[in-house]
Protein chains: 2
Amino acid sequence: MAEIRTVRVMESLLKANDYVAQRLRQAWDQGQTFVVNLISAPGAGKTTLLEATLPVLLSRYRVGVLEGDIETERDAERIRALGVEAVQVTTGGTCHLEAPMVEQAWRLMDNEIDFLFIENVGNLVCPASFDLGEHLRVVLLSVPEGDDKPAKYPKAFRTAQALVITKADLLETMDFSVERARREALEIQPELQVFVVSAKTGVGIPAWTQFLEQRRRQTFPDA
Amino acid sequence: MAEIRTVRVMESLLKANDYVAQRLRQAWDQGQTFVVNLISAPGAGKTTLLEATLPVLLSRYRVGVLEGDIETERDAERIRALGVEAVQVTTGGTCHLEAPMVEQAWRLMDNEIDFLFIENVGNLVCPASFDLGEHLRVVLLSVPEGDDKPAKYPKAFRTAQALVITKADLLETMDFSVERARREALEIQPELQVFVVSAKTGVGIPAWTQFLEQRRRQTFPDA
């Protein structure tokens, strides 16, 4: 009984989420703000990937970041140190971002931007269920996590359009097969664009940022 | 409105969970089965820690493992390769184990065991909210995840009695301060016992397994 009620409440919450996500997407389309939702386990390197990505984009684009965390302002402070506007959303226990949280944060930001990066709460499970109105969903998998993770946490991979394998500098010392991770991820989602990067050495960052620019151009051909 | 209803349903689900957890704890107390609940982000090394721990305990104890995953039987197969009984619970989407899932799996197992290890779903957030009737809750933090995680994901650390910092062999090459991780974890939960281990080199494994034996003796002085 309780289970059936939970499912129904969950359905209605997801519906409310999707309604706000749709509203956000319309606003972003109108303003030609290309929005990227980054999803990964804790410590996969979302903030570090942004620290490597933003300086490349900053020369040509106006960029903003929305940082989702359960507690602390630390990630937003790292982004601000690059001279980029960052709004921190602390969820206070909730294990993922929902569209209404994003909408509230978006109201506090400079809306005249070309790229908005949303760094989700570190969690490879629940964030995958919530549309935030983004144009591009990216799942990160770090080399130390292991190449078996796509099959074990399929939804994050199934709902993403790009996979970024991070901390590639550790490939030499760790037992991680890029081929296996790529193959198992593509079995789950054949449309995934796969990038292998190291924010430390810079490997793979140009291909990744070019992909972001290209996707923005495809989404807003008149921009 | 929907939010209030969700909170109530959540409360009643947690109550139902705690009821089953209490029943499990009583059964385990009666059988002198010492139960350890392992919680961490995906890829922090729960299965690998078990692969290093079980051979040490096997010479003196009867041991079993309950493997929680969203999908795949892979972790259970790794444990069975050690000659240890492992029951896989695939949650089919749910991001954490709940006591009723554990009870169902426990019914399938040999109940005459001294140690039961429960490997939770890889998630540093939601599993912390569900009592599984365990005697000892252990949170793992791997060196590549970063020393800033206790403050960012406090509940898993607040509700645990032990913290195992894993993949210590990577301390030389990565920017991770054991001191900072320990200090911030102890600020959240001053009673935490902290271990620094590498399943690869074996560093720290003796102190960790001695701690497990000692805790079991304290829990069951007549055993």
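Residues numbered from 1 in each chain as written. Chains lettered and ligands numbered in written order. Predicted model: local features only at pLDDT ≥ 70, side-chain atom pairs only at ≥ 80, totals over all residues. Heavy atoms only, no water.

Novice: Before we go on, may I ask you to explain the overall build of chain A in this structure?
Specialist: If you tally the helices and strands in chain A, you get 8 helices and 7 strands. By the compact-globule yardstick of 17 Å for 223 residues, chain A fits well, its C-alpha radius of gyration being 17 Å. Dimensions of chain A, computed from the C-alpha atoms along their principal axes, are close to 50 × 50 × 35 Å. The buried share of chain A, reckoned over its 223 residues, is 57%. Look at the contacts in chain A between residues 6 or more apart in sequence, and 72% of them connect residues 24 or more apart. Only carbon and sulfur atoms are counted for the fraction: they give 49% of the accessible area of chain A, which is about 9400 Å². Averaging the positions of the 25 positive and the 32 negative side-chain charges in chain A gives two centres separated by 3 Å. (Helix = DSSP H or I, 4+ residues; strand = E, 2+ residues; numbered from the N terminus. Rg over C-alpha atoms; globule rule 2.2 N^0.38 Å. Buried < 20%, exposed > 50% of the residue type's maximum accessible area, 1.4 Å probe, protein only. Contact = heavy atoms within 4.5 Å. Areas by Shrake-Rupley, 256 points an atom, 1.4 Å probe, with all protein chains shown as cover. Lys, Arg positive; Asp, Glu negative; His and termini not counted. Charge placed at Lys NZ, Arg CZ, Asp CG, Glu CD.)

Novice: For this particular structure, what's the right way to read the nonpolar core?
Specialist: Counting residues in hydrophobic clusters, the biggest one holds 52 residues, and the most contacted among them are Leu163 and Ile165 of chain A together with Leu163 and Ile165 of chain B. Of all the secondary-structure elements, those providing two or more residues to this core are β5 (136–142), α6 (154–158), β6 (162–166) and α7 (178–188) of chain A together with β5 (136–142), α6 (154–158), β6 (162–166) and α7 (178–188) of chain B. The contacts of Leu163 of chain A, once residues within four sequence positions are left out, are Val139, Leu141, Phe157, Ala185, Leu192, Gln193, Val194 and Phe195 of chain A. (Core = buried A, V, L, I, M, F, W, Y, C linked by side-chain atoms within 4.5 Å.)

Novice: What's the story with helix α2 (residues 46–58) of chain A in this structure? I'm lost.
Specialist: Residue and element names in this part refer to chain A. When the terminal C-alpha atoms of α2 are compared, their 18 Å separation across 13 residues agrees well with the 18 Å that a helix rising 1.5 Å per residue should span. The largest bend in α2 comes to about 25°, at Ala52, with the proline Pro55 one to four residues further on. Within α2 the residues assigned to the buried category are Lys46, Thr47, Leu49, Leu50, Ala52, Thr53, Leu54 and Leu57. (Expected span 1.5 Å × (residues − 1). Bend = angle between axes of the 7 residues up to and from the residue.)

Novice: Would you take a moment to explain unusual backbone geometry for this structure?
Specialist: Generally, phi is negative for residues other than glycine and the peptide bonds are trans, each holding for most cases. Non-glycine residue Thr72 of chain A carries a positive phi angle of around 75°. You can see Thr72 of chain A is positioned in the loop between β2 (63–69) and α3 (74–80). Look at Lys167 of chain B: it is not a glycine, yet its phi comes out positive at around 60°. Locating Lys167 of chain B in the fold gives a position in the loop between β6 and α7. A relative accessible area of 15% places Lys167 of chain B in the buried class.

Novice: Help me understand the pairing of β2 of chain A in this model?
Specialist: Along any regular strand, the residues point their side chains to alternate faces of the sheet. Residues and elements named next belong to chain A. The element β2 is extensively covered by neighbouring structure, given that 7 of its 7 residues are classed as buried. Summarising the sheet, β2 and strand β4 (residues 115–119) pair through 5 bridges and their orientation is parallel. Its bridge partner lying in β4, Leu66 is registered against Ile118. (Pairing = 2+ DSSP bridges.)

Novice: Would you mind showing me how to read the relation of the copies chain A and chain B here?
Specialist: Look at the two chain copies: a rotation about an axis and a shift along it is all it takes to match them. After a rotation of 180° and a shift along the axis of 0.0 Å, chain A superposes on chain B with an RMSD of 0.0 Å. The relationship between the two copies is best expressed as a two-fold rotation axis. (Least-squares fit on C-alpha atoms with pLDDT ≥ 70 in both.)

Novice: Whenever I open this one, the environment of Asp75 of chain B confuses me. Can you help?
Specialist: One can find Asp75 of chain B in helix α3 (residues 74–80). Asp75 of chain B sits 43 residues away from Gln32 of chain B along the chain, and the two C-alpha atoms are 26 Å apart. When residues no more than four places from it in sequence are discounted, the contact partners of Asp75 of chain B are Lys152 of chain A together with Thr47, Glu67, Asp69, Gln88 and Glu119 of chain B.

Novice: Quick question: what am I supposed to make of the packing of helix α2 (residues 46–58) of chain B against helix α8 (residues 205–219) of chain B here?
Specialist: For any two helices packed against each other, one specifies the inter-axial angle together with the distance between the axes. Residue and element names in this part refer to chain B. Look at α2 against α8: their axes get within 10 Å of each other, and the N-to-C directions meet at 65°. Crossing hand, α2 versus α8: right-handed. Residues Leu49, Ala52, Thr53, Val56 and Leu57 of α2 lie in contact with α8, whose contacting residues are Ile205, Trp208, Thr209, Leu212 and Glu213. Residue composition of the contact of α2 with α8, grouped by class: 7 nonpolar, 2 polar and 1 charged. (Axes fitted to C-alpha atoms, helices over the stretch in contact; angles between N-to-C directions. Left-handed = near helix turned anticlockwise from the far one by under 90°. Nonpolar A, V, L, I, M, F, W, Y, C, P; charged D, E, K, R; others polar.)

Novice: When you look at the sheet that holds β5 of chain A in this model, what are you seeing that I'm missing?
Specialist: Within a sheet, neighbouring strands are paired by backbone hydrogen bonds and run either parallel or antiparallel to one another. All names here are of chain A. On the basis of which strands lie adjacent, the open sheet formed by 7 strands has the order β3-β2-β4-β1-β5-β6-β7 and parallel pairing. The open sheet is flanked by β3 (85–90) and β7 (193–196), the only strands paired with a single partner. The average undirected angle you get between the axes of adjacent strands in this sheet is 20°. Pairing of β2 with β3, which is carried by 6 bridges, proceeds in the parallel orientation.

Novice: Whenever I open this one, the pattern of salt bridges confuses me. Can you help?
Specialist: Side chains bearing opposite charge may pair, as long as their charged atoms lie close to each other. The full count for this structure, using the stated rule, is 34 salt bridges over all chains. Measuring nitrogen to oxygen at the nearest pair gives 3.8 Å for the salt bridge that ties Asp69 of chain A to Lys152 of chain B. Here Asp69 of chain A is found in strand β2, whereas its partner Lys152 of chain B is found in helix α5 (residues 149–152) on a different chain. Three or more residues joined by partner-sharing salt bridges are found here, namely Asp69 and Asp75 of chain A together with Asp148, Lys149 and Lys152 of chain B. (Salt bridge = Lys/Arg side-chain N within 4 Å of Asp/Glu carboxyl O.)

Novice: What is the right way to look at the side chain of Asp75 of chain A in this model?
Specialist: For Asp75 of chain A, a relative accessible area of 1% puts it in the buried group. A distance of 3.4 Å separates a polar atom in the side chain of Asp75 of chain A from a polar atom in the side chain of Thr47 of chain A. In contact with Asp75 of chain A, not counting residues within four places along its chain, are Thr47, Glu67, Asp69, Gln88 and Glu119 of chain A together with Lys152 of chain B. (Polar contact = N/O pair within 3.5 Å; in protein donor to acceptor, adjacent residues only side chain to side chain.)

Novice: Could you clarify how one ought to interpret empty space enclosed by the protein in this entry?
Specialist: Leftover empty space is mapped by rolling, across the atoms, a probe with the size of a water molecule. This model, assessed by the stated rule, comprises 1 cavity of 30 Å³ or more. By volume, the largest cavity amounts to about 60 Å³. Residues of the lining of the largest cavity, tallied by class, amount to 5 nonpolar, 4 polar and 4 charged. (1 Å grid on protein atoms, 1.4 Å probe; cavity = no way out; pocket = protein on both sides within 12 Å on 5 of 7 lines; lining within 4 Å. Points joined across faces, edges and corners; volume = space filled by probe spheres on them.)

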